[in-house]
Amino acid sequence: MQVRQLFSKTIALLLAMQLFLIGLQAKSQIDQGNSSIETLIWMTQQYISVLVKIRSLQDKREKNDSPKLKSKR
């Protein structure tokens, strides 16, 4: 169980880092002269991708923690 918790925390940290890096990259795009609106649209697309990953991982976790599977173990 501890390995699973460590794995979950590691994934959460990596996803948070990915969000942070998206923000840094967006700032860099604006600094290079890209339109703020275009950058905001790009950021939104990137954030949606991360949110889809998070939701997928959450669904897998809920599926693994379901009572049906626990009774089979």
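See the structure printed just above.
Residues numbered from 1 in each chain as written. Predicted model: local features only at pLDDT ≥ 70, side-chain atom pairs only at ≥ 80, totals over all residues. Heavy atoms only, no water.

A. Representation of the overall build of the chain within the structure. On a plain count of helices and strands, the chain comes out with three helices and zero strands. The helix and strand sequence of the chain, counted from the amino end, reads α-α-α. Taken over C-alpha atoms, the radius of gyration comes to 17 Å for the chain, far larger than the 11 Å a tight globule of 73 residues would show. Dimensions of the chain, computed from the C-alpha atoms along their principal axes, are close to 60 × 20 × 5 Å. In the chain, which comprises 73 residues, the proportion classed as buried is 12%. For the chain, the computed accessible surface area is about 6,300 Å², with 63% contributed by carbon and sulfur atoms. Here the chain holds 12 positive side-chain charges and 5 negative ones, and the gap between their average locations is 14 Å. (Helix = DSSP H or I, 4+ residues; strand = E, 2+ residues; numbered from the N terminus. Rg over C-alpha atoms; globule rule 2.2 N^0.38 Å. Buried < 20%, exposed > 50% of the residue type's maximum accessible area, 1.4 Å probe, protein only. Areas by Shrake-Rupley, 256 points an atom, 1.4 Å probe, with all protein chains shown as cover. Lys, Arg positive; Asp, Glu negative; His and termini not counted. Charge placed at Lys NZ, Arg CZ, Asp CG, Glu CD.)

B. Structural view of the pattern of salt bridges. Applying the stated rule across the entire model yields four salt bridges. Here Asp59 makes a salt bridge to Arg55, at a shortest N to O gap of 3.2 Å. You can see Asp59 and its partner Arg55 sitting in helix α2 (residues 36–64), four residues apart, about one turn around the helix. With a relative accessible area of 35%, Asp59 lands in the partly exposed category. Here Arg61 makes a salt bridge to Asp65, at a shortest N to O gap of 4.0 Å. Residue classification places Arg61 among the exposed residues on the basis of a relative accessible area of 52%. The exposure class of Asp65 is partly exposed, given its relative accessible area of 32%. (Salt bridge = Lys/Arg side-chain N within 4 Å of Asp/Glu carboxyl O.)

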